[in-house]
Structures are given as structure tokens and as C-alpha cells.
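Secondary and tertiary structure notes
Next come the chains, spelled out residue by residue.
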Amino acid sequence: MFYIINILGIISFAISGVLIAFHKKMDVFGILIIAFVTSVGGGTLGDVLLGNTPVGWMEDIIFSYIILGSTVFAIIFRSKINYLRTSLFLFDTIGIGLYTVVGIQKGLNAELHPVICIALGTITASFGGVIRDILCNEIPVIFRKEVYATACILGGITYFVLILFPINNDVVFIISGSVVIVVRLLAVKFKIALPNIYSSEKE
Amino acid sequence: MFYIINILGIISFAISGVLIAFHKKMDVFGILIIAFVTSVGGGTLGDVLLGNTPVGWMEDIIFSYIILGSTVFAIIFRSKINYLRTSLFLFDTIGIGLYTVVGIQKGLNAELHPVICIALGTITASFGGVIRDILCNEIPVIFRKEVYATACILGGITYFVLILFPINNDVVFIISGSVVIVVRLLAVKFKIALPNIYSSEKE
Amino acid sequence: MFYIINILGIISFAISGVLIAFHKKMDVFGILIIAFVTSVGGGTLGDVLLGNTPVGWMEDIIFSYIILGSTVFAIIFRSKINYLRTSLFLFDTIGIGLYTVVGIQKGLNAELHPVICIALGTITASFGGVIRDILCNEIPVIFRKEVYATACILGGITYFVLILFPINNDVVFIISGSVVIVVRLLAVKFKIALPNIYSSEKE
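Further remarks concern the overall build of chain A. Counting secondary structure elements, chain A contains nine helices and zero strands. N-terminal to C-terminal, the α/β element order of chain A is α-α-α-α-α-α-α-α-α. For chain A, the residues scored as buried account for 53% of the 203 residues in total. At a minimum sequence separation of 6, the contacts of chain A that also span at least 24 residues come to 68%.

What follows is the structure, given as C-alpha cells:
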């Protein structure tokens with residue numbers, strides 16, 4: 001279950017990376033690298049911080065093949081994927097939902113404090129995209145728009161509330177990941193943001 | 001002593017991060033993440049390079065609480081902190097002074113060469129701010145202005161000169177950190193810069 | 001042999017870093033840091049991903065002295081180095097050729113899959129420059145222009161084809177590294193690029 005979520009996250013982020021690399025008119029190897037970095041960047045950072053080395057994708061060649069396959073798929077069907085203007089956003093959102101859960105699980109395996117696990121989930125979910133944005137010289141969207149980090153943190157809190165109850169672990173995974181995805185989708189759709197703390201200022 | 005310096009560095013950098021995140025109009029979770037990255041970024045990079053994993057803040061939950069507390073404090077009293085135009089600069093400078101010493105100590109614990117210890121001190125002191133600036137899409141100030149790296153390196157050299165004498169270790173810490181802070185403050189106040197190596201060129 | 005290639009790569013990248021830092025009018029310590037980061041950035045990232053910590057340059061002080069020496073040399077003779085407009089490009093290209101081989105060798109030492117070794121070679125070769133560009137607030141050239149990643153990957157493939165034959169390992173190193181350098185030089189000289197996948201679009 002954990003493994004499948006990881007794979008789905010890789011595919012989602014790889015396609016999201018390919019779509020941004022398209023926009024930047026990169027050559028095919030450049031596209032592949034951006035897809036790679038977006039897919040494994042957050043998880044790799046998490047592994048490095050935990051000391052899980054060599055990091056995940058280096059020890060399991062299947063990740064590389066999946067990224068390669070997703071990239072080729074996205075390049076071939078780019079006209080159809082591009083057609084949906086919302087597709088990049090959607091794949092990105094699914095990716096952060098899945099990876100938040102993956103990161104929390106890694107933190108639990110290392111027996112870390114719940115607060116640290118949530119931080120690790122947020123890092124795993126968001127830093128692949130952050131690295132992608134920095135490499136593409138885009139402003140990382142995470143810190144300003146679209147309730148990115150907020151969604152991850154709420155999903156993480158959901159996880160640690162749910163495991164207080166006698167619920168199957170896989171179900172907790174699915175619900176927590178879904179919370180991340182739904183929070184972000186709703187926030188963007190209805191332009192919900194956190195309470196504005198800047199209202200009283202004129203700076 | 002070492003632990004207290006570390007804590008003070010975390011508070012200084014957290015507040016410096018909050019102030020920059022304010023400028024960028026981030027939401028509260030975004031502010032928290034920038035405060036977090038600024039506080040622990042340099043030390044985390046140092047830990048990762050040394051192989052001290054899981055990195056410091058993951059194993060000691062107190063760091064997270066201090067960052068959270070500093071962030072809440074800075075948000076609540078932001079009008080007063082903002083009032084002082086120099087406050088960001090000041091907190092940043094105190095942070096680099098403290099962290100230079102923390103990084104050198106980590107290098108000594110790993111029995112590294114003094115030159116490498118100074119490099120590690122400089123990394124620990126400056127890369128939290130560098131990562132903060134990159135995430136905020138600001139030009140990292142370190143490499144061009146305000147004698148940033150120079151101050152760290154001079155503080156590091158001070159450290160290794162002082163330990164040749166029979167001085168208490170805590171005193172050496174305090175003097176070296178103060179050198180970093182004073183050098184930077186004086187350099188900015190009197191617009192002192194390193195000898196200009198570009199004068200003979202017209203490029 | 002492996003050690004000599006590593007040293008030559010460090011010198012090439014250090015000088016390439018100094019030249020960019022000149023352009024940015026950094027002070028001498030800023031120049032030193034950029035030279036340092038450019039030289040050891042890619043290899044350090046590779047070491048961190050593999051868990052080879054403390055990373056290479058921390059355990060072997062000779063690296064720091066070579067970077068320091070190269071930096072002083074490049075500063076003193078900057079007018080002559082600057083004269084050659086192509087010099088930055090040339091040093092950069094030699095550096096990626098040498099480091100691709102260094103990264104592949106590290107992957108082989110860790111008994112990783114050939115595809116992962118090529119990825120590691122590409123990371124080792126290119127991320128010093130990427131980090132340099134990000135710190136200098138330049139657009140990282142790797143992903144768009146000059147067949148950067150493509151050259152590394154082709155060099156890596158050459159390596160794994162050649163070791164199928166009974167050829168001396170040092171010779172394989174030299175040929176693979178040369179492939180990277182030649183591919184990049186030819187591609188830039190004749191403006192060769194990968195097949196354009198954007199022709200059918202008008203976006």
C-alpha cells in the first residue's frame with residue numbers, strides 16, 4: 001500500500017515536471033532531469049535528513065524506469081495533456097497528497113516526534129516542486145499561493161488525529177492524503193486563504 | 001554554553017525569517033516554514049555534510065517549539081519589530097555570529113582540519129539565510145554585500161588563534177562570535193569593504 | 001588516475017566559479033566561496049546522496065588548498081583569463097567531462113545500477129554549476145542550452161558500452177570524459193541541438 005502510494009506520487013510529480021519543462025522549451029534530456037528532480041527531490045531530501053542513504057531511488061531502479069516511462073508518455077501525449085489547462089495543477093496536487101503521507105510514514109519508521117513527522121511530510125511533499133521551480137528559475141509557488149504548505153500540515157494533523165482511533169492504517173493513509181488534496185482543491189476553487197494578518201498594515 | 005548559543009541563534013534567525021516572510025506577504029504556515037528553514041537550514045546542511053543524521057532538529061523537538069514560539073511572538077509583535085528598520089539586519093547578524101561558533105564546534109567534534117572547521121562555521125552561519133533568500137526569490141545577500149562571508153571567516157580565524165592561548169573555551173566562543181557580529185556591524189556602518197580588486201578593469 | 005581526474009576537475013570548476021564571481025563583482029571571500037561551491041558542489045551532492053559522509057572535501061584538506069590556489073591564481077591572472085572570452089565555457093566543459101567520470105566511478109564503488117551511475121555522473125558534473133548559478137542568481141544554463149545534460153548522459157553511456165570490451169579502465173575513463181567534452185564543444189560550435197519536439201506546437 002505504502003509502495004503503491006509512493007509510485008503514484010512519482011508518476012504524478014514526473015508528469016507535473018514534464019509539463020513545466022515543456023513550458024521552458026527544454027531539450028528531451030533536460031525534460032527528463034526536471035521530471036526526475038520533481039519526482040524524487042522531496043523524498044530524497046527527506047532521506048538525506050534522516051540518513052537513509054544511499055537514497056531511495058538509487059537503490060531501487062524501478063523508480064527510474066517509472067519516471068522514464070511517465071516522461072516518454074507525457075511527451076508523446078503532450079498535446080492532450082496540455083489541452084487540459086488544469087492538468088499541471090491537478091497532478092501536482094495529487095502528488096503532494098500522496099507524498100505527505102509517504103513522508104509521515106518515513107518519520108514514523110525513524111520513531112520521530114509527530115510534529116517532526118508532519119514537518120517531514122511537508123518537506124517530502126513540497127520540496128520536489130520547490131527544487132523544480134528553483135531550477136526552472138520560477139518563483140516557488142509553495143510559500144505564497146494555493147495553500148500549499150497549509151494543506152500538507154492539515155493532512156498531517158488529520159493523520160495523527162485518526163491514528164488515535166482504531167482505524168486500519170491503509171484507510172488512515174488514504175483519508176490523510178485525500179485531506180491534503182481536497183483542502184488544496186477547495187482553497188483554489190473558492191479562493192480561500194488563511195486569515196489575512198496583513199490587513200492592519202499598510203506596508 | 002554551546003547549547004544556549006545554538007538556541008539564541010535559532011531565535012535570531014527565526015525572527016529574521018519571519019520578517020522577510022512578512023515582506024513577501026506569505027500566509028502564516030508559509031511564514032512558519034521560512035522561519036524554520038532560516039533557523040535550521042545552515043545547521044542542517046552542516047549536519048548532512050558531516051553525516052550527523054537524523055539531523056539535529058529532528059531529534060530534539062525543543063528546536064521546533066522554539067521556532068514556533070519565536071514565530072508567534074514575531075507575528076504578534078510585528079508592528080513593533082517592523083518599526084525598527086534595522087531589526088532584520090540586527091537579528092541576522094547576531095544569528096551569523098552565533099552560528100559560526102556552532103559550526104566550528106561541530107567541525108572540532110568531528111576532528112576536522114581547522115580550515116574545514118572555519119568553512120563549516122561559514123556554511124552553518126550563512127546557508128540558512130541563503131536558502132531563505134533563494135526560497136523567497138531574493139538575491140542572496142551573502143556573496144556581494146555587507147561583508148557577510150568575510151565576517152564569518154575572520155571570526156573563525158579568531159577562534160583558532162585564541163585557542164592557542166590558555167583561555168577558557170566559553171570565553172573563546174563568546175569572543176569569536178562577537179568578532180563576527182562586530183566586523184559585520186562596523187563594515188556596514190562605515191561602509192568598509194574589502195580592497196577593491198576591480199579598480200583596474202572597466203568591464 | 002581517478003584522483004588526478006578529480007583534482008583537474010576541481011581546478012577547472014574553481015576557475016569557472018572565479019570567472020562568474022568576477023562578473024558579479026563579489027569581494028575576495030565571496031569569490032572564494034563561489035569557487036569552492038562550484039568545485040565541490042556536485043561531488044558533495046553525490047556524496048550526500050550516497051551517504052559518503054563526512055563528504056570528500058572535509059576529509060582531504062588538499063582539496064581546499066587546490067581551490068584556494070586556483071582562486072588566487074585566477075584572481076592574479078584575471079586580465080589574461082578574461083581576455084579569452086571562451087575561457088569560462090572551456091573550463092566549465094572540461095570540468096563536466098572530468099566529473100561525469102568521477103560520479104560514475106563513485107556509483108560503481110557503491111555497486112549501483114548502471115542507469116543510476118549515469119544519473120550520479122550527471123549530478124556530479126552538473127550540480128556544482130547549478131548551485132553556482134543559483135547562488136549568483138543566474139538562470140542555470142544546464143537545462144536549456146549547450147547540450148549540457150545530454151553530453152553527460154552520452155558520456156555515461158559510452159562508459160558502460162566500453163567496459164563491455166577488454167579495455168584498460170583508465171583508457172575507458174579518458175574516452176568517456178572526452179566524449180562529454182567533445183559532444184558539448186561540437187554541439188555549441190555547430191549549434192547542434194536535440195530534435196525539436198516543440199515544432200508542432202505554437203505555444
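Because each turn of an α-helix spans 3.6 residues, side chains separated by three or four positions end up pointing in the same direction. Residue and element names in this part refer to chain A. Taking 1.5 Å of rise per residue, 16 residues should cover 22 Å, and helix α4 (residues 61-76) covers 23 Å from first to last C-alpha, within 8% of that figure. Where α4 is concerned, the buried positions are Phe-63, Ser-64, Ile-67, Ser-70, Thr-71 and Ala-74. On an axial view of α4, the arc spanned by its buried residues comes to 130°, and they lie on one face. Exposed and facing more than 90 degrees away from the buried side of α4 are Ile-62, Tyr-65, Gly-69 and Ile-76.

Right, let's talk about the relation of the copies chain B and chain A for a bit. Turning chain B through 120° and shifting it by 0.0 Å along the axis lays it on chain A, with an RMSD of 0.0 Å. Classification of the inter-copy transformation places it as that of a three-fold axis. Different-surface contact between copies: only 10% of interface residues of chain B are shared with the interface of chain A.

The subject of this paragraph is the interface of chain C and chain A. Many descriptions give the size of an interface as the accessible area lost when the pieces come together. Taken together, the 22 residues of chain C in the interface contact 21 residues of chain A. If you list the elements that add at least two residues to the side of chain C that touches chain A, you get α2 (28-50), α7 (114-135) and α8 (148-162) of chain C. Per-element accounting of the side of chain C that touches chain A gives the leading share, four residues, to α7(C). A breakdown of the residues in the side of chain C that touches chain A according to their chemical character gives 18 nonpolar, three polar and one charged.

What follows concerns the relation of the copies chain C and chain A. Mapping chain C onto chain A calls for a rotation angle of 120° and an axial translation of 0.0 Å; the resulting RMSD is 0.0 Å. The two copies present different faces, since only 9% of the interface residues in chain C are matched by interface residues at the equivalent positions in chain A.

Summarising the model, chain A shows a mean pLDDT of 81, and 85% of its residues fall at 70 or more. Model confidence for the complex is summarised by a pTM of 0.83, with the ipTM given as 0.77.

The subject of this paragraph is the interface of chain B and chain A. On the chain A side, the residues contacting the 21 residues of chain B number 22 residues. Only α2 (28-50), α4 (61-76) and α7 (114-135) of chain B provide two or more residues apiece to the side of chain B that touches chain A. At seven residues, the largest contribution of residues to the side of chain B that touches chain A is made by α2(B). Partitioning the side of chain B that touches chain A into residue classes produces 13 nonpolar, five polar and three charged.

About the criteria used
Residues numbered from 1 in each chain as written. Chains lettered and ligands numbered in written order. Predicted model: local features only at pLDDT ≥ 70, side-chain atom pairs only at ≥ 80, totals over all residues. Helix = DSSP H or I, 4+ residues; strand = E, 2+ residues; numbered from the N terminus. Buried ≥ 20, exposed ≤ 12 C-beta atoms within 10 Å, placed from the backbone. Contact = placed C-beta atoms within 7 Å. Expected span 1.5 Å × (residues − 1). Arc of directions from axis to C-beta. Least-squares fit on C-alpha atoms with pLDDT ≥ 70 in both. Nonpolar A, V, L, I, M, F, W, Y, C, P; charged D, E, K, R; others polar. pLDDT = per-residue confidence, 0-100.

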